[in-house]
Structures are given as structure tokens and as C-alpha cells.
Amino acid sequence: MSTATTATTAAAYTIDPAHSGAGFKIRHFMIAYIRGGFSGVTGDVVFDPVNPANSKVNASIDLNTLHTHDEKRDAHVKGADFLDAANNPKITFASTSVVPDGKNQWKVIGDLTFRGVTKPVTLQVESAGVEAKDPWGNLRTGAEATTTIKRSDFGMTFNAPLETGGVMLSDEVHVHLDIELIKKA
């Protein structure tokens, strides 16, 4: 009787919050986009390019790191009309599946939770496809992810009608993440 050894191709990483961020844009007055972001992105990733079903992403964003380049707007967006950061200080994402979608591209499907509401979302992810060694001997890689969500799905319905028609804010929010990962030993 022989036993076969199966080599694992999965690698475990931690998100480097100092070199990662999440951004968003939302149409304002139906004429231009307002942009903002978060610097408090943390989490863990297991990535297996050969067996994507073995891959997992668990991440969170600290809503108190919000910045839109306007302190009054930041306070309003963190408040109950939008993020309700006092009662729900984090956005979390937990993947449920990872499937290839081209060279170094993946669809990461999972549950996005904020404001006490959980909804399925699909992240379009492009990975760097390589690792690089930093000056301290750590192996790093990176990824970029995008998705679009409806803020009303998460209980954010604050708006105001415009006298020319339309509303102050669109329902769609475009999300963009730039993530740098450090390989775990």
C-alpha cells in the first residue's frame, strides 16, 4: 500500500493596513463624483491559485478612518444618515467562493456586512501575480478589487430631491480596494 502526498499550493497572508486602503465614489447632484476612502483595512487571505475553492478572504474596514477631505462631510457620513459608525464601527467581508476570471483575475464572492445588514457581493479582483521580498525579508504581493453596491441595500436612504429633477446622491456606490499582503511564515 502506498500513500500519496498532496502538495498544497495555498499561501496564507495578512493584509498590511499601512499599505492598503479602500476608496469609494458616489455621484453628487447627478453631475459629478464625490470620493472618499478608509485607511483602516485589515484581515487575512488564503490564496490557492491551483485550487481556488481553497482560497478565503476575511477583511474589515474601520469606519472611523473615513476621509473625504471635508471634516463636516466626514462627520455627516460617519453619522446615522449613512454609515452609523457609532453603532456599527466596521464593515466586514467574508468570502464564500473564489473563481478564476482571466489571467491573474478572480471573482471573489462573499458576504459584505455593515450597518447590521449582510448582503452578497462579488469583487472583481486582479492580483499582482508575483511576490516580492521587502527589505526586512518578508514576501509581499498585492491585489486590486472593485465592486458596486447600492447603499439602500444597507439601509442608507438619506437623500434630497433636486429642483431640476433627480436627487442629491445616487444609490450606487463604486468601491475600489488596493491591498498589499504579507505572506505568513
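Residues numbered from 1 in each chain as written. Predicted model: local features only at pLDDT ≥ 70, side-chain atom pairs only at ≥ 80, totals over all residues. Heavy atoms only, no water.

Caption draft 1: Local environment of the pairing of strand β8 (residues 117–127). With 10 bridges connecting them, strand β7 (residues 105–114) and β8 associate as antiparallel partners. Looking across to β8, one finds that Thr113 is bridged to Thr118. From the end of β7 to the start of β8, which pair antiparallel, there are 2 residues, and Arg115 there has a positive phi angle of about 60°. In terms of strand pairing, β8 meets strand β10 (residues 139–150) through 4 bridges, oriented antiparallel. Considered in β10, the bridge of Glu126 is made with Glu144. (Pairing = 2+ DSSP bridges. Helix = DSSP H or I, 4+ residues; strand = E, 2+ residues; numbered from the N terminus.)

Caption draft 2: Just the environment of Ala59, in detail. Secondary-structure assignment places Ala59 in strand β5 (residues 56–62). Separated by 53 residues in sequence, Ala59 and Leu112 have C-alpha atoms that sit 9.6 Å apart. Excluding residues within four positions of it along the chain, Ala59 makes contact with Ile15, Thr42, Gly43, Ile91, Thr92 and Phe93. (Contact = heavy atoms within 4.5 Å.)

Caption draft 3: Quick look at the confidence of the model for the protein chain. Summary statistics for the protein chain give a mean pLDDT of 94 and a share of 96% for residues scoring 70 or more. Under a pLDDT of 50 for its full length, residues 1–6 has, in the predicted model, 0 contacts with residues more than four places off or in other chains. (pLDDT = per-residue confidence, 0-100.)

Caption draft 4: Local environment of the pattern of salt bridges. Within the structure shown, the criterion is met by 5 salt bridges. The partner of Lys183 in a salt bridge is Glu131, and the shortest N-O contact between them spans 3.5 Å. In this pair, Lys183 is assigned in strand β11 (residues 169–183) and Glu131 in the loop between β8 and β9 (132–133), connecting sequence segments 52 residues apart. Overall, the relative accessible area of 32% leaves Lys183 in the partly exposed class. A cluster of three or more residues bridged by salt bridges with shared partners is formed by Asp16, Asp134, Arg140 and Glu180. (Salt bridge = Lys/Arg side-chain N within 4 Å of Asp/Glu carboxyl O. Buried < 20%, exposed > 50% of the residue type's maximum accessible area, 1.4 Å probe, protein only.)

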